[in-house]
Each structure stands twice: as C-alpha cells, then as structure tokens.
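In case you want the letters, here they are:
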Amino acid sequence: MRLKIRHETVYRFETPAAAVTQTLRVTPRNHEGQHVIRWRVDIDRNCRLRSAEDAFGNQTHVFSVEGPVDDMTVLVEGEIDTQDTSGVVAGAVERFPPALYLRETELTGFDLDIAAFAQAVREDASDDPLSQLHALLGALHREMTFDPKPAESATTAAEAFRLKRGLCQDLAHVFIVAARAIGVPARYVSGYLLATGDMPEHEAGHAWVEAHVPGLGWVGFDPAHRLCATEAHARVAIGLDSLGAAPIRGVRYGGAAETFDIKVKVEDVSKGRGYRRF
C-alpha cells in the first residue's frame, strides 16, 4: 500500500498561554515493510523545530512558542509505502535488548488478575511462544470491548481490565502486562491505521503492541482488531507505554481551559481508495 496520512491537532486556550513547549513523536522511520516517501511537520507559529532521537530511537521534534498563545495548530502529513510482513518488524532502530521491555511502568504495572488471565491462556495453548501470543490476542479480544470513545484521563492496564473495555491504548496496555506476565518482552507502538471493512472509526491515532518472539524478533499484535500488524499499519514510535510513545506531549506556561481537536485522515493512494478517519 501507499498510505497518505494527514494528522492535524488544533489547540485553543480560553486564557492565552504565556508560552507553550511541545515534544512531537509523529515522524515515522524506515524499516523492512515500511518506507517513508515524504513527510513534513508544520507549526502555524513562529518557532524552530529541533530534531533529535529519544532513548528508544524514535524521531522527535521539540519546539517552543512564545505567547500570548490563544490557539495553535500542529500539522503532520506525508506518504508511506508499506508491505505486509505478517507482523514481523525487522530493520528498525533498536537501542535496547528485548529484556528491557519486561520493565513495568505506572500504566503497565503487574496485576494479579491480568497475570492469572495470561497464565490460563498459556496453559490452554501450545508450548510455542508465537502460538501463545496469538491465543492471548484472541482471548483478550473476547474478554474486553474496544471502545473508541476517548477517556478523560490516563487509565492503567489494571483499571481497563476490570472495566472490560477501553481505547486501543488501554487494550495495548493490558496485552503488554499479560505478555510480560508470561515472560514475553512487550512494548507499546503508536502510529496510524487505514480503517477497512467494519473497523470502527477512531478519534485520533492508533496503538498496538510488539512482542519479542525467539527466532522471529519483534512481532506486531493489534488487540483492538484481533490481528497482527499489517500493511495498513504505519508504525511511528515505540515505548514502554503510551506516555513513552505519545505523539504529542508538552507543557504550557500560564493560560487556562485548554482544549484540542484532532483530525486524522488515512488514504490508500496506491489503489485510489477514499480515506476514512480513525
């Protein structure tokens, strides 16, 4: 596929901010099965974008805008060629050994209920780690409901599992905790997805998981849609959880009542398909 992506975030402040500083992880990188044709990041304010890599090898951009700032728009757009690799991610930037991705975070802390769930799934599956992960993917899809409605605050994996529903990021967090509970390194992935068939539309970007399988390496699993990552997935950033791979994070100085609108469009221009928002 050739995916054409447009991602616009509009910030508004009821009381203008004195200054705004943002870190962006919105620029994809090349690896086997993904080649960036063109990509640009544009801020509608007079500022300088400083490019760097974070600890995980994600491409980042940092900028600061001096106020007063009553509104601001961040626009990201470009095209990516993708190929189906059956979920296997090879040739990507790797800064750490797989064992690092067994590390817990506040959002992906160990949970007895998730651990018991994962152990039960493993016992019913074969001894093959890949088969166990596929079984976990199916069981989690049955156990939890994907709800694309945005939450008001960050939800931990344990909280989402008790609710039995959540955003794509919540299902990704639960899958990560479950995989780590059976000794499989797992990490969070943020990016974009071309919505096809009966997939529900998302309000913003998409999220899934990569788990490390001996002999294969990193393999992408999408708990929200019960499938391995495909050519419809455009991989952008990785981290231990959603905070580490967040597309946009930052701070404001002064100001009040911040709101933002996100619009994402993904189009497969290789086949002339119309885009759908996700």
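Since we're looking at a predicted model, the values are computed, not measured.

A. Region of interest: the overall build of the protein chain. For the protein chain, the count of helices and strands is four helices and 15 strands. For the protein chain, whose C-alpha radius of gyration is 19 Å, the value lies close to the compact-globule estimate of 19 Å for 278 residues. By its C-alpha atoms, the protein chain is 60 × 40 × 35 Å across when sized along the principal axes. When each of the 278 residues of the protein chain is scored for burial, the buried share is 50%. At a minimum sequence separation of 6, the contacts of the protein chain that also span at least 24 residues come to 76%. Surface exposure of the protein chain reaches about 12,600 Å², of which carbon and sulfur atoms provide 48%. Looking at charge distribution, the protein chain has the averaged site of its 31 positive side-chain charges lying 4 Å from that of its 39 negative ones.

B. Spotlight on unusual backbone geometry. Cis geometry marks the peptide bond from G67 to P68; its omega dihedral reads 5 degrees. Mapped onto the secondary structure, P68 falls in strand β4 (residues 59-82). Of note, S86 is a non-glycine position whose phi angle comes to about 60 degrees, a positive value. Structurally, S86 can be placed in the loop between β4 and β5 (88-89).

C. Inspection of the environment of G217 at higher detail. One can find G217 in strand β10 (residues 217-222). Sequence-wise, G217 and A245 are 28 residues apart; in three dimensions their C-alpha atoms are separated by 20 Å. Excluding anything up to four places from it in sequence, G217 contacts A211 and H212.

D. Geometry of helix α2 (residues 129-143). End to end, α2 covers 20 Å across 15 residues, agreeing with the expected 21 Å (1.5 Å per residue, within 8%). Residues of α2 that are buried: Q132, L133, L136, L137, G138, A139 and L140. Tucked inside the fold, the buried residues of α2 contact α1 (112-124), α4 (168-181), β9 (206-213), β10 and β11 (227-228).

E. Region of interest: the nonpolar core. Among the nonpolar cores identified, the biggest contains 65 residues, and F175 and Y192 are the most heavily contacted of them. The element best represented in this core is α4, accounting for nine residues. Not counting chain neighbours up to four residues away, the residues in contact with F175 comprise L133, L136, L137, L140, V209, F221 and P223. Membership of the second largest hydrophobic core comes to 11 residues, among which are V89, A92, I238 and L240.

F. Seen up close, the environment of V65. Locating V65 in the fold gives a position in strand β4. Here V65 falls in the buried class, since its relative accessible area comes to 1%. Along the sequence, V65 and R226 sit 161 residues apart, while their C-alpha atoms lie 41 Å from each other. The residues contacting V65, other than those within four sequence positions of it, are A19, V20, R45, C47 and M72.

G. Up close: the pairing of β10. For β10, the buried fraction is high: six of the six residues fall into the buried class. One ladder, built from two bridges, connects β5 with β10; its direction is antiparallel. Bridge assignment links V89 to a residue of β10, and that residue is W218. Pairing analysis gives five bridges linking β9 to β10, with the strands arranged antiparallel. Its bridge partner being in β10, E210 is matched across the sheet by G220. What sits between β10 and β11 in their antiparallel hairpin is a turn of four residues, with R226 showing a positive phi close to 55 degrees.

What counts and what doesn't
- Residues numbered from 1 in each chain as written.
- Predicted model: local features only at pLDDT ≥ 70, side-chain atom pairs only at ≥ 80, totals over all residues.
- Heavy atoms only, no water.
- Helix = DSSP H or I, 4+ residues; strand = E, 2+ residues; numbered from the N terminus.
- Rg over C-alpha atoms; globule rule 2.2 N^0.38 Å.
- Buried < 20%, exposed > 50% of the residue type's maximum accessible area, 1.4 Å probe, protein only.
- Contact = heavy atoms within 4.5 Å.
- Areas by Shrake-Rupley, 256 points an atom, 1.4 Å probe, with all protein chains shown as cover.
- Lys, Arg positive; Asp, Glu negative; His and termini not counted.
- Charge placed at Lys NZ, Arg CZ, Asp CG, Glu CD.
- Expected span 1.5 Å × (residues − 1).
- Core = buried A, V, L, I, M, F, W, Y, C linked by side-chain atoms within 4.5 Å.
- Pairing = 2+ DSSP bridges.

Honestly, it's all geometry; don't read function into it.
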